[in-house]
Amino acid sequence: MTERLGTATLQNAKACLPGFDRTKLRPGIVHIGLGAFYRAHGIVYNDDAIESDPASHSGWGIIGVSLRSPSQRDKLGPQDGLYTTVERSASGDKPRIMGSLLQSIVAPEDPKGLVEILANPGIRIVTITVTEKGYCHDPATGRLNPAHPDIVHDLEHPETPVSLPGFIVAALTLREARGIAPFTVVSCDNLPSNGKLLRGLIRDFAALRDDRLAAWIESNVAFPSTMVDRIVPASTDDDLRLTQDLIGFTDLAPVIHEPFRQWVIEDIFDTAERPAWERAGAQFVADVEPFELMKLRMLNGTHSSLAYLGFLSGYETISQTVADPVFQDFLAGLWHEEIIPTVPAPAGTDLAAYAGQLLERYANPAISHRTGQIAMDGSQKLPQRLLGTIRDRLKADKPWDRLALAVVAFIFYAAGTDEKGRPIDVRDPLAGQLKAEGGVDPATHLRRVIAIGSIFGADLGRDERFFNKVEAAYRSLLSGGAHAAISAINQT
Ligand code: CS2
């Protein structure tokens with residue numbers, strides 16, 4: 001057993017080390033949702049900004065929060081918040097140790113304590129990656145779901161919340177009462193207009209408590225929208241071994257990622273009140289929406305399509321899936337025939353070149369991104385990844401056969417049995433509603449799923465044009481399997 005990574009061993013680690021003195025850092029950011037993505041993306045930008053000028057960044061250390069599980073804290077705590085990021089590509093592995101995460105905490109262990117931390121005047125930014133389902137909203141409408149059990153709980157127990165909106169509003173309540181300026185709230189999840197969306201949820205939640213507080217939040221708190229991008233698969237035991245071989249110490253919390261990264265942020269910050277993330281390559285722009293739409297539809301939309309269709313075709317990872325020429329043709333058709341015509345190009349971006357770059361990223365053989373991982377939580381992902389594109393295609397009266405096949409692959413996958421009759425481990429907050437009950441005929445099951453308003457909205461669920469195309473795609477999928485259905489579309 002090698003020694004554990006931590007303050008005492010850091011200097012001997014065989015990796016790029018933090019280029020600043022961690023003992024001089026004070027916390028200025030609370031990050032909620034301490035998963036692999038944030039640790040391979042947001043913290044990397046933050047470490048780069050601090051390294052670019054440590055003296056002016058001493059107030060930008062990070063406190064990381066997990067809203068549910070203690071697992072990140074249990075791994076990071078004994079390592080003093082230090083962990084390795086490993087950039088992987090065909091040209092090799094580059095380990096680097098991150099230094100700006102100062103503390104990791106677990107919200108349910110002391111919710112009041114977390115609210116106090118968030119109310120501390122030193123905290124000026126709250127960043128968020130809690131994934132789609134952490135927003136407690138209705139994905140089809142983007143509004144707060146007041147019946148969500150966590151929201152019901154937090155309205156009854158406002159001082160000991162469990163949900164994201166509950167913590168934000170509890171902290172802002174204290175700051176307002178104490179005359180402390182609010183923090184800026186930065187959503188970094190793959191949701192459309194994520195800042196605007198979160199602002200609306202916080203307003204809805206605050207209004208259920210107190211109209212005056214809701215009005216104060218409305219006029220005082222900034223919620224910049226952001227587009228975030230980096231492919232970061234969940235770490236495996238192999239990744240732990242790889243990291244140990246690279247750095248010479250045991251790290252139980254490494255993150256493996258691709259070389260590419262992008263962060264586009266709506267420029268509504270007071271620049272004195274944030275780290276110079278632009279020095280790390282973050283783009284501050286007046287309007288993030290074109291970047292978000294491009295990324296959600298072109299990357300996440302095809303990622304989910306490949307995840308369901310690739311899984312059903314027997315592929316374990318995205319890179320295996322896109323190595324199949326049948327999938328390459330399908331993907332090219334999805335991008336160029338069906339998705340790109342719905343996406344206005346952000347300034348300075350060539351969408352065909354963006355698609356080409358995405359294909360290279362998907363094909364990175366050193367990144368093992370499981371189709372089953374991306375397939376998770378489809379009910380929360382489909383609206384912004386695929387269904388908005390389909391609405392635009394319907395409006396324009398243009399073909400969308402490949403998108404239809406992706407939607408039915410999701411429905412088939414979430415029904416819970418693969419093409420060989422084996423059970424699928426479906427992880428989705430709506431898994432119960434998506435599962436096909438024994439004996440139900442496929443057409444009835446399809447109708448039932450499409451009637452789920454929080455996924456398909458009130459419009460698509462009642463649109464016969466939508467139903468007819470999706471039903472034809474479902475029949476094709478059921479008759480010969482996913483791979484044959486894709487080949488058939490490629491022939492048309
Ligand atoms: C993926 C994303 O798991 C998923 O649903 O589509 O996490 C994707 O890898 C990132 O958004 C890339 O930036």
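Residues numbered from 1 in each chain as written. Predicted model: local features only at pLDDT ≥ 70, side-chain atom pairs only at ≥ 80, totals over all residues.

Looking at this structure, how should I read the UniProt feature "domain: Mannitol dehydrogenase C-terminal" (unreviewed entry) in the protein chain?
UniProt marks residues 287–477 with the feature "domain: Mannitol dehydrogenase C-terminal" (unreviewed entry), using the numbering shown here. Regarding residues 287–477, the helix share stands at 68% and the strand share at 0%, and the terminal C-alpha atoms are separated by 40 Å. (UniProt positions renumbered as here; feature names shortened; annotations may be inferred. Helix = DSSP H or I, 4+ residues; strand = E, 2+ residues; numbered from the N terminus.)

Which parts of the structure should I look at to understand the packing of helix α10 (residues 289–312) against helix α13 (residues 351–363)?
The angle between the axes and the distance between the axes are what describe a pair of packed helices. Where α10 meets α13, the axes come as close as 11 Å, and the angle between the chain directions of the two elements is 45°. Between α10 and α13, the angle falls in the class oblique. As α10 packs across α13, the resulting crossing turns out to be right-handed. Of α13, the residues touching α10 (which contributes Met-294, Met-298 and Leu-299) are Leu-351, Tyr-354, Ala-355 and Leu-358. Its residues assigned to classes, the contact of α10 with α13 shows seven nonpolar, no polar and no charged. (Axes fitted to C-alpha atoms, helices over the stretch in contact; angles between N-to-C directions. Parallel < 35°, antiparallel > 145°, perpendicular 65-115°, else oblique. Left-handed = near helix turned anticlockwise from the far one by under 90°. Contact = placed C-beta atoms within 7 Å. Nonpolar A, V, L, I, M, F, W, Y, C, P; charged D, E, K, R; others polar.)

What's the story with the environment of Lys-435 in this structure? I'm lost.
Along the chain, the position of Lys-435 falls in the loop between α17 (431–434) and α18 (442–450). We classify Lys-435 as partly exposed; it has 18 C-beta atoms within 10 Å. Along the backbone, Lys-435 and Val-449 are 14 residues apart, and their C-alpha atoms lie at a distance of 9.1 Å. Once residues lying within four places of it in the same chain are set aside, the contact partners of Lys-435 are Ala-415 and Gly-416. (Buried ≥ 20, exposed ≤ 12 C-beta atoms within 10 Å, placed from the backbone.)

Just checking my understanding: could you explain the nonpolar core for this structure?
Residues Val-126, Tyr-308, Leu-405, Val-408 and Ala-409 are the most contacted members of the largest nonpolar core, which totals 136 residues. Filtering out sequence-adjacent residues up to four positions away, Ala-409 remains in contact with Tyr-308, Leu-309, Leu-312, Leu-477 and Ala-482. (Core = buried A, V, L, I, M, F, W, Y, C linked by C-beta atoms within 7 Å.)

Where do I start with the site of the ligand in this structure?
By nearness alone, every residue bordering the ligand is listed as Asn-190, Asp-229, Arg-230, Ile-231, Leu-299, Asn-300, His-303, Gln-373 and Ile-374. If you tally residues by element for the shell around the ligand, the top one is α10, at three residues. Looking at the shell around the ligand residue by residue, the class counts come to three nonpolar, four polar and two charged. (Near = placed C-beta within 6 Å.)

In this structure, what is going on with the packing of helix α16 (residues 401–414) against helix α20 (residues 464–480)? I would like to understand it.
With their axes 8 Å apart at the nearest point, α16 and α20 run at an angle of 65° to one another. You can see that α16 and α20 cross each other, and the crossing is right-handed. In this structure, α16 contributes Asp-401, Ala-404, Leu-405, Val-407, Val-408, Ala-409 and Phe-412 to the contact, and α20 contributes Lys-469, Val-470, Ala-473, Tyr-474 and Leu-477. Residues of the contact of α16 with α20, tallied by class, amount to ten nonpolar, no polar and two charged.

Would you mind going over helix α6 (residues 164–178) with me for this structure?
Side chains that are three or four residues apart share a direction in an α-helix, a result of its 3.6 residues per turn. In this model α6 runs 21 Å from its N-terminal to its C-terminal C-alpha over 15 residues, within 8% of the 21 Å that 1.5 Å per residue would give. Among the 15 residues of α6, eleven are classified as buried, and the element is accordingly described as predominantly covered. By the burial criterion, the buried members of α6 are Leu-164, Pro-165, Gly-166, Phe-167, Ile-168, Val-169, Ala-170, Ala-171, Leu-172, Thr-173 and Arg-175. Gly-179 sits one or two residues past α6 and shows a positive phi near 70°. (Expected span 1.5 Å × (residues − 1).)

Help me out: how do you make sense of the confidence of the model for the protein chain in this one?
Note that predicted coordinates carrying low pLDDT should not be read in detail. Per-residue pLDDT for the protein chain has a mean of 97; in total, 100% of the residues score no lower than 70. With a pTM of 0.97, the predicted complex shows an ipTM of 0.99. (pLDDT = per-residue confidence, 0-100.)

Sorry if this is basic, but what is going on with the pairing of strand β3 (residues 83–89) here?
Each regular strand carries side chains that alternate between the two faces of the sheet. Most of β3 sits out of view: six of its seven residues are buried. Relative to strand β4 (residues 92–98), β3 runs antiparallel, the two sharing seven bridges. What sits directly across from Glu-87, in β4, is Lys-94. Linking β3 to β4, which pair antiparallel, is a turn of two residues. In terms of strand pairing, β3 meets strand β11 (residues 255–257) through three bridges, oriented parallel. Each residue of the ladder has a partner; that of Val-86, found in β11, is Ile-256. (Pairing = 2+ DSSP bridges.)

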